[in-house]
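Here are the chains, one letter per residue:
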Amino acid sequence: MPTIRPISDLRNNSNEISEFCRTSREPVFITKNGVGDMVVLSIDMYERQQAQLDLYAKLAEAEADIVAGSDSTGFFEFVKKQRVYTNE
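Definitions and limits used
- Residues numbered from 1 in each chain as written.
- Predicted model: local features only at pLDDT ≥ 70, side-chain atom pairs only at ≥ 80, totals over all residues.
- Heavy atoms only, no water.
- Pairing = 2+ DSSP bridges.
- Helix = DSSP H or I, 4+ residues; strand = E, 2+ residues; numbered from the N terminus.
- Axes fitted to C-alpha atoms, helices over the stretch in contact; angles between N-to-C directions.
- Salt bridge = Lys/Arg side-chain N within 4 Å of Asp/Glu carboxyl O.
- Buried < 20%, exposed > 50% of the residue type's maximum accessible area, 1.4 Å probe, protein only.
- Polar contact = N/O pair within 3.5 Å; in protein donor to acceptor, adjacent residues only side chain to side chain.
- Contact = heavy atoms within 4.5 Å.

An account of the sheet that holds strand 2 (residues 28-32) is needed here, citing residue identities and associated values.
Taken together, the three strands give an open sheet; going across it, the order is 1-2-3, and neighbouring strands pair in mixed fashion. In this open sheet, the two strands that pair with only one neighbour each are strand 1 (3-6) and strand 3 (35-40). Taken pair by pair, the neighbouring strands of this sheet meet at an average axis angle of 35°, ignoring direction. By the bridge criterion, four bridges tie strand 1 to strand 2 in an arrangement that is parallel.

Structure (structure tokens):
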């Protein structure tokens, strides 16, 4: 069940909302005049979601290359190159 709070709680109970987001790793949905307005999320969860989106975009690009018949580097060659770059 999502956690929904009025926008006044963001002003009056920001520490409580922050603690909830960090410990539960869940977002808090903020309403304004009874209508959804924004979502509060811990920075850790935000960064995780952004990394997932980046990964999905790269996977979609790779899939499009495969469909287009691109002469791309094999997976193991790619991984080998990545390990060289990360060990420098």
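Still more to cover.
Provide a residue-level description of the pattern of salt bridges, including the pertinent values.
Within the structure shown, the criterion is met by five salt bridges. One salt bridge connects E16 with R5, and the closest N-O pair in it is separated by 3.2 Å. Remark: R5 occurs in strand 1 and E16 occurs in helix 2 (residues 14-24); sequence separation between them is 11 residues. The exposure class assigned to R5 is buried, which follows from its relative accessible area of 16%. Salt-bridge contacts for R22 lead to E19; the nearest nitrogen and oxygen are separated by 3.4 Å.

Could you give an account of the pairing of strand 2, naming the residues involved and the relevant values?
Direction of pairing for strand 2 relative to strand 3: antiparallel, over a ladder of five bridges. Bridge pairing links K32 to V35 in strand 3.

Outline the side chain of D9, supporting the account with residue identities and numerical values.
Relative to the helices and strands, D9 resides in helix 1 (residues 7-12). A polar atom in the side chain of D9 sits 2.8 Å from the side chain of R5. Residue contacts for D9: discarding those within four places in its chain leaves S14 and I17.

Before we move on, could you go through unusual backbone geometry and cite the residues and values that matter?
Backbone geometry places R25, a non-glycine residue, at a positive phi of 60°. In this fold, R25 is placed in the loop between helix 2 and strand 2. The backbone phi angle of N33 is positive, close to 55°, even though this residue is not glycine. Mapped onto the elements, N33 comes out in the loop between strand 2 and strand 3.

The values are spatial; any link to function lies outside them.
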